[in-house]
Amino acid sequence: MYKLIPGTRDILPQEALLWQRMEAACRSVFSLYNYHEIRTPVVEEMSLFNRSLGETTEIVRKQMFVINNKDDNYVLRPEGTAAIVRAYIENNMDKAGGLVKLYYMGPMFRLERPQKGRQRQFHHIGCEAIGSSDAGLDVEVVSLADALLKNLSISGYIINLNNLGCAADKEELALRLRRKIKDLLPKLCADCNQRYDSNVMRILDCKNPDCKTALEHLDLDESHLCAGCRKHFSAVKTGLDSLKIAYALAPHLVRGLDYYTGTVFEITHSGLGAQDALGAGGRYDNLVKQLGGPATGSIGFAFGVERLILAGCGLKPAENKITSYIISLGDNARSSALKLLDTLRRNGISADTDYESKSLKGALRKANDYGAKFVLIIGDDELKKNTVMLKDMESGEQREVKVEDVVQELGKDLVT
Ligand code: HAM
């Protein structure tokens, strides 16, 4: 018997109803903020991510789902941002002028060691606003993330906020980190010792408990920021304060991907355990140019859908009840039952029938399982009179209705 690949999951119909609700709730919030949906392929060129995320990042070094192809190196996308910037440039979206605000939902793939809240195929709901460096946009994006969580009835999260600064500031930050971390190296894991030379900022992302303890008291602040970045950061904080969006300053937050500059944020939830990030994002002001587009500011974020569910998304799954269930008694009634079934469906009335030759009792039980509001019974008697026996499953009332009146009868009841 075949089994799931580790780190992947089936989303069965009952759970899929919750996913549909969540997606619909997020779509309605994205519309309020004037973001439009984009769908990009799940396969992309490997080098797109190598260049965007950085050769020394965990994802590129260890977690890519590579598709072995004769001449090309493809991967299953590990994240959406680089792919959307690729689409933005390739489709000349910059030529239309101005800011482009996009949202997306879909599966992402990372070859990680599976554990609670960490899968190899997981799903993002995210957005990217490409085409502005305005601090007001940072406020909008953080506020949008907050509004999504509120609309999903999730509470108890913390918005951790930091600013990495421009490219020059990031270099300055790396320099300072190298100075501060040097004496701590013996206490850090082998990977962090390697990162010290290759990409010192990644040391702050290390999940090793010993490294976390050693780095806990590392004093970091805003002093690596140039005047322009400091002003931007200050405007973002003031904007969030004026919208009464609570955040925690997190000077240790550097994010695991190289494309980030300026504002970065991560939303954590204590109910998630070790993998406590519900979602994260930030500015990537140099990425569009780096991938061959115009120099333009951009910012976005992505939530992990599985983690939104783990954090107790308070939405109730959509109901999946049907309006009517047809039971035919005997072969003669069958063809007229199938015809009526088709008529109901084509008139927008959800309907089903028994395909398993159940007894009347069994078929009624099935109708009950489906939550059918009405059962329509057709036997030899009804067939002769061209009628059906209409049973209201809630009240238990039964009445005979002419076949040609069924649509109208059920339709009437649905409206009232
Ligand atoms: P990320 O932090 O790598 O950022 O992923 C965003 C969220 O996806 C995480 O906070 C987490 O909830 C979820 N996630 C990540 N990996 C896994 C996994 N293996 N299993 C389950 N959930 C996971 C990005 O991907 C950026 N593209 C976000 C962004 C958009 N930045 C700017 N725009």
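Please read all numbers here as calculations on a predicted model, not as lab measurements.

Engineer: So what exactly am I meant to see when it comes to unusual backbone geometry here?
Structural biologist: Working note: non-glycine residues mostly have negative phi, and peptide bonds are mostly trans. The phi torsion at serine 153 lies on the positive side, around 55 degrees, for a residue other than glycine. Examined against the element boundaries, serine 153 turns out to sit in the loop between helix 5 (135–151) and strand 7 (157–163). Under the relative-accessibility criterion, serine 153 is labelled partly exposed at 44%. Positive phi values are uncommon outside glycine, yet lysine 244 reaches one of about 60 degrees. Along the chain, lysine 244 falls in the loop between helix 9 (227–242) and strand 8 (248–249). Lysine 244 sits in the exposed class, given a relative accessible area of 75%.

Engineer: It is not clear to me how the site of the ligand should be interpreted in this structure. Could you clarify?
Structural biologist: As a structural note, the neighbourhood of the ligand is formed by 26 residues, with Glu79, Glu112, Gln119, His124 and Tyr260 the closest of them. In this structure, tyrosine 260 approaches the ligand through a side-chain N or O atom, which is 2.6 Å from a nitrogen atom. In the complex, 95% of the free accessible area of the ligand, which totals 660 Å², lies under the protein chains. Secondary structure elements with two or more residues in the shell around the ligand: strand 6 (121–130), strand 10 (277–283) and strand 11 (298–304). Of all the elements, strand 10 adds the most residues to the shell around the ligand, at six residues. Of the residues contributing to the shell around the ligand, the split by class is 10 nonpolar, nine polar and seven charged.

Engineer: What's the story with the pattern of salt bridges in this structure? I'm lost.
Structural biologist: Proximity of charged atoms lets side chains of opposite charge pair with each other. One pass over the structure, following the stated rule, counts 29 salt bridges. Its salt-bridge partner being arginine 61, residue glutamate 58 comes within 3.2 Å of it at the nearest N-O pair. Of this pair, glutamate 58 and arginine 61 are both found in helix 3 (residues 58–62), three residues apart, which corresponds to roughly one turn of the helix. You can call glutamate 58 partly exposed: its relative accessible area is 25%. Relative accessible area serves as the criterion here: at 39%, arginine 61 is assigned to the partly exposed category. The shortest N-O distance in the salt bridge between arginine 283 and aspartate 285 comes to 2.8 Å. Of the residues examined, arginine 283 reaches a relative accessible area of 1% and is grouped as buried. Linked by salt bridges that have partners in common, Glu58, Arg61, Lys62, Asp191 and Arg195 make up one network.

Engineer: Can you walk me through the side chain of lysine 391 in this structure?
Structural biologist: Structurally, lysine 391 can be placed in strand 15 (residues 387–392). Of the side chains bearing the opposite charge, aspartate 392 lies closest to the buried lysine 391, which forms no salt bridge; the N-O distance is 8.6 Å. When neighbours within four sequence positions are excluded, lysine 391 is seen to be in contact with Leu364, Lys373, Phe374, Val375, Gly396, Glu397 and Gln398.

Engineer: Before we go on, may I ask you to explain the sheet that holds strand 9 (residues 263–269) in this structure?
Structural biologist: Whether parallel or antiparallel, the strands of a sheet pair through hydrogen bonds between backbone atoms. Here we have eight strands laid out as an open sheet, ordered 1-5-6-11-10-9-7-8, and mixed in their pairing. With one partner strand each, in any of the chains shown, strand 1 (36–37) and strand 8 form the two edges of the open sheet. Two elements, strand 7 and strand 8, share two bridges in a ladder whose sense is parallel. Looking at strand 8, one finds that asparagine 160 is bridged to alanine 248. Where helix 1 (residues 13–32) meets the sheet, it contacts strand 1, strand 5 (100–109) and strand 6, and its direction lies at approximately 5 degrees from that of strand 6. Where helix 9 meets the sheet, it contacts strand 7, strand 8, strand 9 and strand 10, and its direction lies at approximately 160 degrees from that of strand 7.

Engineer: Please explain the packing of helix 5 against helix 9 as it appears in this structure.
Structural biologist: Each pair of packed helices gets described by two things: the angle between the helix axes and the distance between those axes. Their axes nearest at 8 Å, the elements helix 5 and helix 9 cross at an angle of 45 degrees. Of the possible angle classes, the one that applies to helix 5 and helix 9 is oblique. Judged by the twist between their axes, the crossing of helix 5 over helix 9 is right-handed. Contacts between helix 5 and helix 9 involve Ala135, Asp138, Val139 and Val142 on the former and, on the latter, His232, Ala235, Val236, Gly239 and Leu240. A class-by-class count of the residues in the contact of helix 5 with helix 9 yields six nonpolar, two polar and one charged.

Reading guide: rules and limits
Residues numbered from 1 in each chain as written. Predicted model: local features only at pLDDT ≥ 70, side-chain atom pairs only at ≥ 80, totals over all residues. Heavy atoms only, no water. Helix = DSSP H or I, 4+ residues; strand = E, 2+ residues; numbered from the N terminus. Buried < 20%, exposed > 50% of the residue type's maximum accessible area, 1.4 Å probe, protein only. Near = heavy atom within 4 Å. Polar contact = N/O pair within 3.5 Å; in protein donor to acceptor, adjacent residues only side chain to side chain. Areas by Shrake-Rupley, 256 points an atom, 1.4 Å probe, with all protein chains shown as cover. Nonpolar A, V, L, I, M, F, W, Y, C, P; charged D, E, K, R; others polar. Salt bridge = Lys/Arg side-chain N within 4 Å of Asp/Glu carboxyl O. Lys, Arg positive; Asp, Glu negative; His and termini not counted. Contact = heavy atoms within 4.5 Å. Pairing = 2+ DSSP bridges. Axes fitted to C-alpha atoms, helices over the stretch in contact; angles between N-to-C directions. Parallel < 35°, antiparallel > 145°, perpendicular 65-115°, else oblique. Left-handed = near helix turned anticlockwise from the far one by under 90°.

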